[in-house]
Amino acid sequence: MFASRRSVISHILRPLAALVLTVSCGLAAAQATKPIKLMVGFPPGGGTDAVARTLAEKLKDELGVAVVVENKPGAGGQLAAQALKASPADGTVLFLSHDHTISILPLVVKNPGFDPAQDFVPVAGFATFVNALAVSAGTPAKSFNDYVAWVKTQGAGKGAVGIPAPASTPEFLVKVIGQKFKLDLVAAPYRGSAPMMADMLGNQIAAGVGSVPDFMENHKAGKVRIVAVLGAKRQASLPDVPTFTELGLGGLEDLPYYGIFAPAGTPKATIDHFGQALAKVLAMPDVNEHLTKMGLTVGFMSAQQLAQRERAYTQVWAKMIKDSGFQPQ
């Protein structure tokens with residue numbers, strides 16, 4: 001009798017178990033094919049956006065799912081960072097950012113609405129780069145020294161320099177340049193590098209400070225001129241452009257970075273899977289060449305290596321910002 005009952009129960013449960021297994025597999029498959037949103041905190045057309053789209057195109061093939069770039073500009077990437085904090089920690093929403101949003105914003109904004117150490121986890125890094133000073137084609141300056149002389153003669157030592165975001169590394173660089181070379185330079189903040197570049201191309205502003213990728217395309221076309229770069233040595237893509245160290249402005253050798261971040265709580269297996277795919281993409285000759293031509297120094301960083309890079313860079317700029325007398329706002 002009991003055997004008969006067990007047989008009946010088993011007969012009922014087997015189909016139910018199969019159904020549960022089928023549903024579970026279906027849900028897993030659905031999640032596995034869910035598109036990955038790669039957020040960028042700046043408008044389309046800028047250097048960071050171009051980098052993100054280059055990587056996304058290749059990552060979709062490696063991961064087997066669509067990787068969609070979503071621009072969420074505003075406040076130097078602050079809005080995108082806040083959106084990342086509020087996103088599900090399942091690997092479907094990631095944030096591609098350079099140093100400004102992750103390392104600098106928390107140092108210069110009292111309440112940025114996110115804490116990188118608590119709210120994010122590094123996924124992987126993929127490049128370092130340098131910031132640069134570029135001048136518009138409307139100026140006669142062919143070199144950094146030409147620019148300094150031009151500002152002193154044309155503007156009585158006063159000039160405006162565009163920057164992609166307020167209270168950013170470029171803003172502090174403008175201040176340091178002004179102090180070193182006895183110029184009264186004012187940083188003019190934009191909502192990203194694209195509108196800054198538009199004004200430089202239209203000769204609405206004579207100079208700008210941003211990342212090399214922001215300027216590279218127009219520099220090659222002769223529409224702007226990169227006249228100085230940060231870093232301990234000249235860039236391979238700009239062998240004729242001197243470093244600020246060569247020009248007598250030392251202490252600016254620590255390089256900014258690019259990395260990808262996820263919401264805190266994202267499973268390690270998910271992070272590792274994405275990191276492995278990114279490493280394969282960076283090893284592709286066409287990707288490496290393209291990013292290098294944009295002015296990046298390509299190099300894969302694991303989650304741990306990116307975390308170390310982030311901490312080191314933040315410490316350097318925390319001291320520089322404090323020494324400048326800047327007060328978080």
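See above for the structure.
Asker: Help me out: how do you make sense of the packing of aromatic side chains in this one?
Answerer: In this description, a pair of aromatic rings is defined by centroid distance and the angle of the planes. The full count for this structure, using the stated rule, is eight aromatic pairs. Relative to F120, the ring of F114 has its centre 5.6 Å away and its plane inclined at 20°; by these criteria the two rings are stacked. A relative accessible area of 6% means that F114 is categorised as buried. Between F144 and F181, the aromatic rings sit 4.9 Å apart at their centres with planes inclined by 65°, giving edge-to-face as the arrangement. With F144 in helix α6 (residues 144–154) and F181 in the loop between α7 (169–180) and β7 (184–189), this pair connects stretches of sequence that are 37 residues apart. Here the two residues F144 and F181 agree in accessibility, since each one is buried. Ring pairing ties together the aromatic residues F126, F129 and Y258, which thus form one cluster.

Asker: What should I look at first to understand the pattern of salt bridges in this one?
Answerer: Where side chains of opposite charge bring their charged atoms close, a pairing between them can arise. Overall, the coordinates contain ten salt bridges when judged by the stated rule. Linking K37 and E70 is a salt bridge whose minimum nitrogen-to-oxygen distance equals 3.6 Å. Linking K37 in strand β1 (residues 36–40) with E70 in strand β2 (residues 67–71), this pair joins segments that are 33 residues apart in sequence. On the basis of relative accessible area, E70 is assigned to the partly exposed category, the value being 28%. Note that D272 is salt-bridged to K268, the shortest N-O span being 2.7 Å. Here D272 and its partner K268 are both found in helix α10 (residues 268–282), four residues apart, which amounts to about one turn of the helix. Classification of D272 as partly exposed rests on a relative accessible area of 29%.

Asker: Please clarify how the environment of A194 should be interpreted in this entry.
Answerer: Checked against the element boundaries, A194 lands in helix α8 (residues 193–201). For A194, a relative accessible area of 23% corresponds to the partly exposed category. The spatial distance from the C-alpha of A194 to the C-alpha of D61 is 29 Å, given a sequence separation of 133 residues.

What counts and how
Residues numbered from 1 in each chain as written. Predicted model: local features only at pLDDT ≥ 70, side-chain atom pairs only at ≥ 80, totals over all residues. Heavy atoms only, no water. Phe/Tyr/Trp six-rings, centres within 6.5 Å; stacked < 30°, edge-to-face > 60°. Buried < 20%, exposed > 50% of the residue type's maximum accessible area, 1.4 Å probe, protein only. Helix = DSSP H or I, 4+ residues; strand = E, 2+ residues; numbered from the N terminus. Salt bridge = Lys/Arg side-chain N within 4 Å of Asp/Glu carboxyl O.

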